[in-house]
Amino acid sequence: MKILLAGGAGYIGSHTAVQLANAGHEVVIADNYYNSSPEAVNRIQELTGKEIPSYDVDVKDKAKVDQIMKEHKIDCVIHFAGLKAVGESVQKPIEYYRNNIDTTLTLLECMKENDVHAFVFSSSATVYGEENPAPYTETMTRGRCSNPYGWTKSMMEQILEDASKADPELSVVLLRYFNPIGAHESGRIGEDPQGIPNNLMPYIAQTAIGRREKLTIFGNDYPTPDGTCRRDYIHVMDLADGHVKAVEYACENKGTEIINLGTGTPYSVLEIVHAFEKSNGIKVNFEFGPRREGDLPEFWAESEKAEKLLGWTAKRNLEDMCRDTWNWQTKNPKGYNA
Ligand code: NAD
Ligand code: UFG
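Residues numbered from 1 in each chain as written. Chains lettered and ligands numbered in written order. Predicted model: local features only at pLDDT ≥ 70, side-chain atom pairs only at ≥ 80, totals over all residues. Heavy atoms only, no water.

Novice: Would you explain the pattern of salt bridges in this entry?
Specialist: Two side chains with opposite charge may pair up if their charged atoms get near one another. Within the structure shown, the criterion is met by 24 salt bridges. Across the salt bridge formed by Asp241 and Arg316, the nearest N and O atoms sit 3.3 Å from each other. Separated by 75 residues along the polypeptide, Asp241 in helix α8 (residues 236-252) and Arg316 in the loop between α10 (304-310) and α11 (318-331) bring together distant segments of the chain. The class of Asp241 is partly exposed, set by a relative accessible area of 23%. Between Asp295 and Arg292 there is a salt bridge; the shortest N-O distance is 3.1 Å. If you follow the salt bridges from partner to partner, you end up with Arg142, Glu157, Glu161 and Arg176 in one network. (Salt bridge = Lys/Arg side-chain N within 4 Å of Asp/Glu carboxyl O. Helix = DSSP H or I, 4+ residues; strand = E, 2+ residues; numbered from the N terminus. Buried < 20%, exposed > 50% of the residue type's maximum accessible area, 1.4 Å probe, protein only.)

Here's what the structure looks like:
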């Protein structure tokens, strides 16, 4: 199949591109490199031994997206091209709504005009909101989000569901990711956050390598076994494999499916820090600080639907996630543009 990866040079997109190409699919990347580097595309080509057509385009640019779809006769679109920094979305809500929703609408319009009928969407566990108890199951209704980033995901899910209801030809798979970490086992591609990392694992890795002085653990007074928050961390390569299955499912079915991509097992922040230290034989400086606004004490996935519908389960464990993160960090201490 021919698959357009909108935002395919980013963290999850680049790993997915490798696994799709390895599964025999043709991949086309459209990215404006707002939060990524063209070097990621070079590395995808190096890892797969395949030439990957890539375009430096803003996915809100309808004429350009239309041209790409015409040129490549696309079968399926995966939409990764979102702004994703939770804190920044509170400061810049209009930019977040504009970018995330406009890219979705543009892709849907271009798909309609070019007879492309399969859409896989990068959604998030954040849409379960504050009301739903863990584990999160796909039958729960979407909840209230604590920030504009989360609302863009919730709104985009609604838009996609409505679009597939109105068009019986359109197949939509809404993938709700839990907490992706890790990197390709080669250490050639990985997560390369710009500036100070917002997320836990890149902060740990940058602290371990000496780019940050110490990790602050946000809160140790939560109602969890050790007082720190618990999340469902998933290896990015498992997530990438989930996309391969989701694309194949979307191309063979119609309607909308919501699918969690998580492991079903939560780990606390302290457990992650200690697992990283143990797997890599290195100390991570940390201190406890106040809670971060908007953080929920704990959530994890009910992951049975992915297994039933896609035949997918996560295969890599926490040690793999810690080792592969560190392998990427030590081989690329300053990311792609070192
Ligand atoms: P990322 O920032 O590494 O990748 C997103 C890519 O999209 C980047 O390469 C960026 O340059 C590109 N992009 C953004 N806006 C664009 C536009 N208008 N036109 C063209 N390209 C554009 O992020 P990621 O971690 O790979 O996440 C991918 C998707 O998954 C995002 O939609 C994100 O919200 C979602 N998601 C991520 C996580 C996570 O923890 N990483 C969790 C849940 C959901
Ligand atoms: N944390 C720290 N110190 C840090 C960074 C994070 O203690 O420097 C803690 C957080 O408080 C939280 C846990 O580590 O308890 C995980 O935090 P992340 O920022 O790595 O991840 P979140 O669970 O907050 O959010 C992530 C994505 C969101 C997505 C959400 C649910 O960043 O985009 O998972 O899928 F919506």
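Once you've had a look at it, read on.
Novice: Help me understand the sheet that holds strand β5 (residues 118-124) in this model?
Specialist: Note: strands within a sheet are paired through backbone hydrogen bonds, in either parallel or antiparallel orientation. Ordered by their spatial adjacency, seven strands build an open sheet running β3-β2-β1-β4-β5-β6-β11, and the pairing between neighbours is parallel. Two strands bound the open sheet, and with one partner strand each, they are β3 (54-56) and β11 (255-261). When the angles between neighbouring strand axes are averaged without regard to direction, this sheet yields 15°. Judged from the four bridges that link them, strand β1 (residues 2-6) and strand β4 (residues 76-79) form a sheet pairing that is parallel. Each residue of the ladder has a partner; that of Ile3, found in β4, is Cys76. (Pairing = 2+ DSSP bridges. Axes fitted to C-alpha atoms, helices over the stretch in contact; angles between N-to-C directions.)

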